[in-house]
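Notes for the structure review
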2 protein chains.
Amino acid sequence: MATLGGLERSVMSLLWDSAESLSANDVRDRLGEDLAVTTVLTVLSRLERKEMVRRERSTRPHRYSATASREEHTVEMLNEVLGTAGDREAVLARFIGTIPDSEAAALRRLLQN
Amino acid sequence: MATLGGLERSVMSLLWDSAESLSANDVRDRLGEDLAVTTVLTVLSRLERKEMVRRERSTRPHRYSATASREEHTVEMLNEVLGTAGDREAVLARFIGTIPDSEAAALRRLLQN
DNA sequence: GGTGATTTCTACACGCTGTAGTAATGGTGT
DNA sequence: ACACCATTACTACAGCGTGTAGAAATCACC
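Owing to the predicted nature of the structure, the values given are computational and were not obtained by experimental measurement.

Cut-offs used in this document
Residues numbered from 1 in each chain as written. Chains lettered and ligands numbered in written order. Predicted model: local features only at pLDDT ≥ 70, side-chain atom pairs only at ≥ 80, totals over all residues. Heavy atoms only, no water. Near = heavy atom within 4 Å. Polar contact = N/O pair within 3.5 Å; in protein donor to acceptor, adjacent residues only side chain to side chain. Helix = DSSP H or I, 4+ residues; strand = E, 2+ residues; numbered from the N terminus. Nonpolar A, V, L, I, M, F, W, Y, C, P; charged D, E, K, R; others polar. Domains from an automatic or database assignment. Least-squares fit on C-alpha atoms with pLDDT ≥ 70 in both. Contact = heavy atoms within 4.5 Å. Buried < 20%, exposed > 50% of the residue type's maximum accessible area, 1.4 Å probe, protein only.

Quick notes on the protein's contact with DNA strand C
In the neighbourhood of DNA strand C, 21 residues make up the surrounding shell, with Arg55(A), His62(A), Gly6(B), Leu7(B) and Arg46(B) lying closest. Counting only the atoms of DNA strand C that lie within 4 Å of the protein, the sugar and phosphate share comes to 55%. Take Asn25(A): an N or O atom from its side chain is 3.1 Å from a phosphate oxygen of DNA strand C. At 3.4 Å, a side-chain N or O of Thr38(B) approaches a base nitrogen of DNA strand C. The set of elements that each furnish at least two residues to the surface near DNA strand C consists of helix H3 (37-49) of chain A together with helix H1 (6-17) and helix H3 (37-49) of chain B. If one sorts the elements of the surface near DNA strand C by residue count, H3(B) sits on top with four residues. Its residues assigned to classes, the surface near DNA strand C comprises five nonpolar, nine polar and seven charged.

Structure (structure tokens):
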């Protein structure tokens, strides 16, 4: 469901990498590009609508943070893709053939619960 | 990279499910909706540009087929998502926690090469 | 209560997708 | 060779999502 544009992705990246929540100005400052704050605010609002970002409205300025960690979000995406799969096991079988050995080994360990 | 619209996805689904290649008219007939052939042709051309569809130009009518199976395509998507991941192993670790036991078991078997 | 920072609202361009009409092209029968 | 019909290519446009930002409203503080 959540297909992000380039700027949206950049903003999410910042939020994911930042320990604390950020204000719109923080975000603008950390983006390399030279954007108007209103632009950043628009993007943050859209991300909030997509439920990728949570906003503290009680403070002034508002502070924004990601609703899920980058890893959680990535897993959601993986499951979304798998959901379109048809034969899930066939897909997983092929998939493990495409990942590096080190990761396959890690998976093996993890599944050896 | 390949984000498909609704109609595009429907067409891909047909091509994936069909053993042989299909003409534009075949596709139109198999889609439930009542579309103009030119619409279907436009969509097929766009899918060709996205390299999701191969076209036999030597025959009349042209015949279309998917360049990759649905499973191959799904695996590509999975890898694309994983590519944005940051810590891939962390993602995989979480991921296997989210899939049904039966699939985890299948994975375990597959990794026990 | 005025002022500066912050947020909201409104706007617009651009690219992608769904949709199809019109123009061009190609094979086939006579 | 020509005409006709099926097929394909080209062109068009509306609607939506995204990037971008100005103008208007709001808020906190002196």
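Some details on the domain arrangement of chain A
A common measure of how large an interface is: the accessible area buried when the components associate. Here the domain parsing of chain A yields domain 1 (6-66) and domain 2 (70-111). One C-alpha centre belongs to domain 1 of chain A, the other to domain 2 of chain A; they are set 30 Å apart.

What to know about the relation of the copies chain A and chain B
Expressed as a screw transformation, the operator carrying chain A onto chain B has a rotation angle of 179° and an axial translation of 0.0 Å, and the superposed copies differ by an RMSD of 0.1 Å. Here the symmetry operator amounts to a two-fold rotation axis. When the interface residues of chain A are mapped onto chain B, 100% of them are again interface residues, pointing to one common binding face.

Some words on unusual backbone geometry
Residue and element names in this part refer to chain A. Following Arg60, the chain continues into Pro61 via a peptide bond in cis, with omega recorded as -5°. The backbone of Glu51 sits at a positive phi, close to 60°, despite the residue not being glycine. Within the element layout of this structure, Glu51 appears in the loop between H3 and strand S1 (53-56). Residue classification places Glu51 among the exposed positions, given a relative accessible area of 64%.

A word on the protein's contact with DNA strand D
Lining the immediate environment of DNA strand D, one finds 21 residues, of which Thr3(A), Gly6(A), Leu7(A), Arg46(A) and His62(B) sit closest. When the atoms of DNA strand D within 4 Å of the protein are sorted by group, sugar and phosphate make up 57%. At a separation of 2.8 Å, a base nitrogen of DNA strand D approaches a polar side-chain atom of Thr42(A). A distance of 2.2 Å separates a phosphate oxygen of DNA strand D from a polar atom in the backbone of His62(B). Mapped by element, the contributors of at least two residues to the surface near DNA strand D are helix H1 (6-17) and H3 of chain A together with H3 of chain B. The element best represented in the surface near DNA strand D is H3(A), accounting for four residues. Among the residues making up the surface near DNA strand D, the classes are represented as five nonpolar, nine polar and seven charged.

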